[in-house]
Amino acid sequence: MSAHHPDGSATVLRDDGVLVDVPAAAVAEGGWRSLRPGQRVTLVRDAAGDVRGVLRPV
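Cut-offs and rules
- Throughout this document, residue positions are counted from 1 along each chain, in the order its sequence is written.
- In keeping with the model being predicted, local features are shown solely for residues with a pLDDT of at least 70 and side-chain atom pairs are shown and tallied solely at 80 or more, while totals for entire chains, interfaces and linings include all residues.
- Only heavy atoms go into the side-chain values, all of them from the structure, while hydrogens and water stay out.
- Only DSSP runs of H or I reaching four residues or more are called helices, and only runs of E reaching two or more are called strands; each is numbered from the N terminus.
- Per-residue accessibility, obtained with a 1.4 Å probe over protein chains only, is compared with the maximum for each type, and a residue is labelled buried under 20%, exposed over 50%, and partly exposed between these values.
- The criterion used for residue contact is that any of the two residues' heavy atoms lie within 4.5 Å.
- Think of it this way: DSSP has to see at least two bridges between two strands before they count as a pair.
- When a carboxyl oxygen of Asp or Glu lies within 4 Å of a side-chain nitrogen of Lys or Arg, that pair is called a salt bridge.
- As used here, the term nonpolar core means buried Ala, Val, Leu, Ile, Met, Phe, Trp, Tyr and Cys residues forming a set that is joined through side-chain atoms within 4.5 Å.

1. Structural notes on the environment of V54
Next up, step 1: By secondary structure assignment, the location of V54 is in strand β5 (residues 51–55).
Next up, step 2: Owing to a relative accessible area of 0%, V54 belongs among the buried residues under this scheme.
Next up, step 3: Residues V54 and P23, spaced 31 residues apart in sequence, show a C-alpha to C-alpha distance of 9.7 Å.
Next up, step 4: With near-sequence residues (within four places) excluded, V54 lies in contact with V22, A26, V27, G30, W32, L35, V41, T42 and L43.

2. Brief notes about the pairing of strand β3 (residues 19–22)
Side-chain positions along a regular strand alternate between the two faces of the sheet.
Next up, step 1: Side-chain alternation along β3 places V20 and V22 on a buried face and L19 and D21 on a face that remains uncovered.
Next up, step 2: In the sheet, strand β2 (residues 10–13) pairs with β3 via 4 bridges, with the strands oriented antiparallel. In the strand pairing of β3, L13 is matched with L19.
Next up, step 3: Linking β2 to β3, which pair antiparallel, is a turn of 5 residues; within it G17 sits at a positive phi near 90°.

3. Some thoughts on the pattern of salt bridges
Next up, step 1: Within this structure, the stated rule accounts for 4 salt bridges.
Next up, step 2: One salt bridge connects D15 with R40, and the closest N-O pair in it is separated by 3.0 Å. Of this pair, D15 sits in the loop between β2 and β3 while R40 sits in the loop between α1 (24–29) and β4 (42–45), and the two are 25 residues apart along the sequence. Assigned by exposure class, D15 and R40 land together as exposed.
Next up, step 3: Here D50 ties to R52 by a salt bridge, and the two come within 3.5 Å at their closest N and O atoms.

4. Section: the sheet that holds β2
Next up, step 1: Here 3 strands make up an open sheet; going across it, the order is β1-β2-β3 and the pairing antiparallel. Bordering the open sheet on either side are β1 (3–4) and β3, each of which pairs with just one other strand.

5. Structural notes on the nonpolar core
Next up, step 1: Of all hydrophobic cores here, the largest spans 11 residues; its members are A10, V12, V20, V22, A26, V27, W32, L35, V41, V51 and V54.
Next up, step 2: Counting only elements with at least two residues in this core, the list comes to β2, β3, α1 and β5.
Next up, step 3: Once you skip the residues sitting within four places of it in the chain, V41 turns out to touch V12, W32, L35, V54, L55 and P57.

So this is what it looks like as structure tokens:
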């Protein structure tokens with residue numbers, strides 16, 4: 001995880017170095033109140049590639 005924003009959204013740093021913006025609804029979908037820097041997560045995407053959930057890593 002790279003940054004958690006005041007509106008509940010986050011910016012996540014993937015293992016390949018790409019930053020991904022994650023909407024607040026996707027963070028909440030995973031049951032998170034907030035994410036910590038360095039925390040590993042799994043991103044769930046819909047058919048269009050949009051992030052719809054942030055889960056604990058598998």
